[in-house]
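Tertiary structure, described
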Amino acid sequence: MVDMKLKKIGNVEANYSFWQVLVVCSGQEFLDSGEDLIASFEINSPDVRLVLCLTDDLLAARELLKSLAQKLIALSMYELELDGDVDDNQRALPYQIARNVLLQTRLPTLLLESCSFVRRDITLLPAELQKADCALKLRFNRKGISQKVLTNTLWLLPNSRVDRFLAQAISGMAKTTSENEERKAVYKALQACRGFLKVAALPGRYADRSHKHEGFIWVRLPKEKAETTAAREFREKTRARFARPPEVIILHPKQDLGTKSHLENNTFKRRVERLARPGRIAWRQMARLLVELSWERGKPARLVPLPQWKITKEALKNYEFAKTIFVPHLISAQLPHPKAYYYMQELVPMLFTVDRNGWGGASTVYNSNAFQNAEVDDRLDAFVRITKAERITKAPQNADHLNQLPEFDILAPLQVPGDDALVYHSDVSLERFIEELAKFAELSGVKVMFRQHPFDETDIFDRMRKKFASKAVVFSRAGHIHDCLSRAKVVAVINSGVGFEAMLFDKPVITFGRAIYDPAVFTADLKSIGKVYSAAISENPEDRRERYSKFISNYIYAVGFKLDEAVLNKNEDRSAAPAYSPNPIHEDFGFEKSLQTRGVKLTKPPAGAAILRLKNEASVRLQRLQKLSGMGLNRFNKRVVAPAWGRAARLLTSPLSEEIFSGKTVALVGNASSLAAGIHGSEIDGHDIVIRMNLGYPLIVRKEMRGGDLPSEYLEGYFVDKKSSGQERLAVLREGLAVDTLDRYSGIQALGKKTDIWSCSTSDKSRQLYFAPLFNCTTVACHPAFHHLSPRLLLTRRVKRFPAFVYRNLVKDYNIEPSSGLLWIDYLRHTGLVKLNIYGFDFFSSGHIARSMPNTLELRGKWPHAPDVEKEYVMKLLDADPRVRLVRTTNEGERRYEK
């Protein structure tokens, strides 16, 4: 196996990608095409994790890589450094490296040639290839005698089947010297792994050697074939866009993640499922439209993918160089900024709005009656017909048949509790809405049906049903929303998008909040339900239909951007007369809609040598057996050994006395990367007691300096961080070095040096044993999972423990897995300390101070913590307890106390 080290390069924060692109090339190959490769990702498909490996030390290539990395604003790029001697077999080397990368990162990987050029966004590639262990450009003929296997682009999943396939291919390349022999080796490996490897033919668009307009990834043309004029012009356009500093930044919410959670239930399957939803495809295309419109207006633009929760006031400071920043999902009241425009998906999946103030009831066009003077667009009839025929709606619907719906008069679709539309655009709560409509139904005999929102995972629906269900008030999850609308006589909403859909069905609509369609429907408060219902039910249908047609037409074609239209209103002032011209993303949108997001079909390689095939099948079965036995052993350890050792380990610890904190000032120092930007060191050391967390050793060499050679006399040693997805090798300085040396390499002016208590909550026993002697202070196991503690640690050091109620109460009260930082804060607030200053806590927003790479759990979608909940807890504590202060550092390095 090839020894290697993965490190982040460039200015972009550690990303949250669940798959990656791997490029292995020589320095000369990178000089030839590396700039085009990186520019094409940054401009055309930035929502990717790119891992680049240069197989030699050509200085010019290293310098080019470094300079390109500094120009990146959106693309997350990592360099794979090879340690030690590299195999001379250049044909087999990419496969060896790919095998190692899969084992180390556990991420699906697209192996790509350096001469590739990304023509279109490839974000949906894992959705297309989700069924396959391995996908490559191939064609097997019917007789299975000949083959066509192109190895320039290869999709690989991190599992034992792929590992065996790669091992077989590498073995077959032991003496290969030509591309044809490499193909044969891969083909024979496919044959040898036929019985267990799930193989798919990679769609030609991901390995396009003809540079067609439909291609997603262009690969270098054969020498005898010239590039088309259109392809050359597009390549030059991408280079030019990469070269120009952007004036416009379009922040784009990553569509494989949840909107408001950090990393919750983000397995590969779940993230692929999210990506493939039509509404999420539309989000990505809207961001692309804003990029293209900016360029058309002469304003250089760049698209930046971020998790939605990362789009904060602090994040916007990274883009102060821009003249305009487009912000998704939010309104100015949530995130005010003088350069911001706000864009949002509105009412139906393909419709978006852009506004200075925000969306819905916050937008500048809210309550405008301008639609009454507008002409009805000729496209409206087709839009309504298609929406009904294809049953288009924003949220997924169940497949219950129409006859499963109960009888009702008023349809009252519920919204997701805590939805921004309810928080910012309504004075009516969901509970009051249900309560007052239920009272109206009981008194009037008008039957109301409340329908649960498909994305609502709370208990409000069941609670309200138990409280209010009766003959006049029914609660239902049945049927498609279009079936419900067809049956309804009136639709009552707070401000749900279903109100707009009801207009497409010509239904009377009553709103109780602030909805963008208020001027076209009936508005009511909770005291006037009966009066407004009577007016709505008795209105002339022709008058209503005419008003609806004008509003819908004006809103979707003049005010909004309906992405699937061939022409759009491109006037920046959405209240002015429309200026229609061709939609620059119309063709791209069509391509994405045609993709096989449920997964391409698998294919079977022809049978090969029986003995080799049986040997590989036996190897995989053995691996499966080992995995199953390992799982069984893990279950046994978890159910029997771990509890027994946990009880024994607890007996080897002693309670941490609260008395040591009485009358003391305490500094709790976390591991947020933002801590390094400040100068809190002497302030931290001035506290009576300093508590540091896990990897909080202040003499770890700063992560940005790890590439340089440190004098050996400065080094205590190295520690390999197994919790880092890059298995990072952390350099540790010796005690007693001069202050200026310590600060140059470790930044103790920012971190301080004093440590009285080391919080050891890591499950990594090697970290426990390495850092406990270095801290050489009181060691505290704040988490009750004592089975994680090393026997050697317990036998060589006096380890203290927390009271059990600290963890138990946090889990019970907040329904989360608390971080060690939150456990300490909750514990300390119950002690007699006089002051608690919290440093290096920004709730995971700035990354880890020691690591460049994400945590392994974070990368694999198994992150256990809830940053938003923890932040809310701390902010409430700051208001309730004057002893507690949160000391945060801004991007400019300024100290800010928060109370």
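Refer to the structure printed above.
Residues numbered from 1 in each chain as written. Predicted model: local features only at pLDDT ≥ 70, side-chain atom pairs only at ≥ 80, totals over all residues. Heavy atoms only, no water.

1. Some words on the pattern of salt bridges
Tallied over the full model, the rule gives 52 salt bridges. Between Asp409 and Lys489 there is a salt bridge whose closest N-O contact spans 3.1 Å. With a gap of 80 residues between them, Asp409 in the loop between helix H11 (380-389) and strand E16 (410-413) and Lys489 in the loop between helix H15 (481-487) and strand E19 (490-493) connect regions that are remote in the sequence. For Lys489, a relative accessible area of 47% corresponds to the partly exposed category. Measuring nitrogen to oxygen at the nearest pair gives 2.7 Å for the salt bridge that ties Arg547 to Glu539. Of the two residues examined, Arg547 and Glu539, each falls in the buried class. Salt bridges here are not isolated pairs; linked through shared partners, they connect Asp377, Arg379, Lys562, Asp564 and Glu565. (Salt bridge = Lys/Arg side-chain N within 4 Å of Asp/Glu carboxyl O. Helix = DSSP H or I, 4+ residues; strand = E, 2+ residues; numbered from the N terminus. Buried < 20%, exposed > 50% of the residue type's maximum accessible area, 1.4 Å probe, protein only.)

2. Structural notes on the packing of aromatic side chains
Inspection of the entire model under this criterion finds 29 aromatic pairs. Pairing Trp283 with Tyr343 gives two aromatic rings, centres 5.6 Å apart and planes at 55°, and the pair type is tilted. Placement of Trp283 in helix H9 (residues 278-296) and of Tyr343 in strand E14 (residues 340-345) is noted, with a sequence separation of 60 residues between them. This pair shows no difference in class: Trp283 is buried, exactly as Tyr343 is. Plain terms: the ring middles of Phe551 and Tyr555 are 5.6 Å apart, the flat faces sit at 10° to each other, and that makes the pair stacked. Taken as a pair, Phe551 and Tyr555 lie in helix H18 (residues 541-559) at a separation of four residues, close to a single helical turn. The exposure classification of Phe551 matches that of Tyr555, with both residues buried. Looking at Arg205, its charged tip hangs above the ring of Phe216, at a distance of 6.0 Å from the centre. Over the aromatic face of Phe117 sits the side chain of Arg235, whose NZ or CZ is 4.6 Å from the ring centroid. (Phe/Tyr/Trp six-rings, centres within 6.5 Å; stacked < 30°, edge-to-face > 60°. Lys NZ or Arg CZ within 6 Å of the ring centre and 35° of its normal.)

3. Brief notes about helix H14 (residues 460-468)
Among all positions in H14, only Ile460, Phe461, Met464 and Phe468 are buried. Down the axis of H14, the sector holding all buried residues measures 95°, keeping them to one side. Each element contacted by the buried residues of H14 is listed here: helix H13 (430-444), strand E17 (448-451) and strand E18 (473-476). (Arc of directions from axis to C-beta. Contact = heavy atoms within 4.5 Å.)

4. Quick notes on the environment of Pro203
Locating Pro203 in the fold gives a position in the loop between strand E9 (199-201) and strand E10 (217-218). Distance from Pro203 to Leu595, taken between C-alpha atoms, is 9.9 Å for residues 392 residues apart in sequence. Discounting residues that sit within four places of it in the chain, Pro203 has contacts with Glu128, Leu129 and Val600.

5. Observations regarding the nonpolar core
Counting residues in hydrophobic clusters, the biggest one holds 120 residues, and the most contacted among them are Val21, Phe30, Phe41, Ile122, Phe165 and Tyr343. The leading source of residues in this core is H9, at 10 residues. (Core = buried A, V, L, I, M, F, W, Y, C linked by side-chain atoms within 4.5 Å.)

6. A word on the sheet that holds E19
Hydrogen bonds along the backbone pair up the strands of a sheet, which may run parallel or antiparallel. The parallel open sheet is built from six strands, whose spatial order is E18-E17-E16-E19-E20-E21. Each of the sheet's edge strands pairs with one partner strand only, and the pair in question is E18 and strand E21 (522-523). In terms of strand pairing, E19 meets strand E20 (residues 509-511) through three bridges, oriented parallel. Considered in E20, the bridge of Val491 is made with Val509. Here H13 sits on the sheet and contacts E16, E17, E18 and E19; the angle it forms with E17, its principal contact strand, is near 155°. (Pairing = 2+ DSSP bridges. Axes fitted to C-alpha atoms, helices over the stretch in contact; angles between N-to-C directions.)

7. Considering the sheet that holds strand E11 (residues 248-253)
Reading across from one edge, E12-E11-E13-E14-E15-E22 is the order of the six strands in this open sheet, with mixed pairing throughout. Here the strands that pair on one side only, and so sit at the sheet edges, are strand E12 (301-306) and strand E22 (561-562). Relative to E14, strand E13 (residues 324-328) runs parallel, the two being bridged by four bridges. When the bridges of E14 are listed, Phe326 appears paired with Tyr341.

8. Structural notes on the pairing of strand E4 (residues 76-83)
Buried residues dominate E4, accounting for six of its eight residues. Following the chain from strand E3 (residues 49-54) across helix H2 (residues 59-70) to the adjacent parallel E4, one finds a crossover that is right-handed. (Right-handed = clockwise from strand over helix to strand, strands pointing away.)

9. Here's the deal with the environment of Ser852
Relative to the elements of secondary structure, Ser852 occurs in the loop between strand E34 (835-839) and helix H28 (856-859). Taking the C-alpha atoms as reference, Ser852 lies 29 Å from Pro784; in sequence the two are 68 residues apart.

10. Let's talk about the side chain of Arg767
With respect to the helices, strands and loops of the structure, Arg767 is situated in helix H24 (residues 765-775). Classification of Arg767 as buried rests on a relative accessible area of 3%. Look past the residues within four positions of Arg767 in its chain and what remains in contact with it is Asn694, Leu695, Phe719, Asp721, Lys723, Trp758, Thr762, Ala772 and Arg851.

11. A word on the packing of H9 against helix H19 (residues 586-593)
Two elements in contact, H9 and H19, have axes whose closest approach is 11 Å; the angle formed by their N-to-C orientations is 155°. Taken together, the axes of H9 and H19 are roughly antiparallel relative to one another. Seen along the crossing, H9 lies across H19 with a hand that is right-handed. Contacts between H9 and H19 involve Ile281, Ala282, Arg284 and Gln285 on the former and, on the latter, Asp588, Phe589 and Glu592. (Parallel < 35°, antiparallel > 145°, perpendicular 65-115°, else oblique. Left-handed = near helix turned anticlockwise from the far one by under 90°.)

12. A few points about the side chain of Ser746
With respect to the secondary-structure elements, Ser746 resides in helix H22 (residues 739-746). A residue is classified by how much of its surface remains accessible, and Ser746, at 2% relative accessible area, is buried. At 3.4 Å, the side chain of Ser746 and the backbone oxygen of Pro698 are in polar contact. One polar contact links the side chain of Ser746 to the main-chain carbonyl oxygen of Leu742, over a distance of 2.5 Å. Look past the residues within four positions of Ser746 in its chain and what remains in contact with it is Pro698, Leu699, Ile700, Arg702, Leu733 and Leu751. (Polar contact = N/O pair within 3.5 Å; in protein donor to acceptor, adjacent residues only side chain to side chain.)

13. Remarks on unusual backbone geometry
Generally, phi is negative for residues other than glycine and the peptide bonds are trans, each holding for most cases. We note that His211 has phi near 55°; this positive angle belongs to a residue other than glycine. The residue His211 is located in the loop between E9 and E10 in this model. A residue is classified by how much of its surface remains accessible, and His211, at 6% relative accessible area, is buried. A positive phi angle, close to 75°, is found at His329, a residue other than glycine. Turning to its location among the elements, His329 is positioned in the loop between E13 and E14.

14. A short note on the packing of helix H27 (residues 820-828) against helix H29 (residues 867-880)
Interhelical geometry of H27 versus H29 gives an angle of 25° and a closest axis separation of 11 Å. It follows from the interaxial angle that H27 and H29 lie roughly parallel. Helix-helix and strand crossings are classified by hand; for H27 and H29 the assignment is left-handed. In contact with Leu822, Ile825 and Asp826 of H27, H29 contributes Glu870, Tyr873, Val874 and Leu877. Looking at the contact of H27 with H29 residue by residue, the classes come out as five nonpolar, no polar and two charged. (Nonpolar A, V, L, I, M, F, W, Y, C, P; charged D, E, K, R; others polar.)

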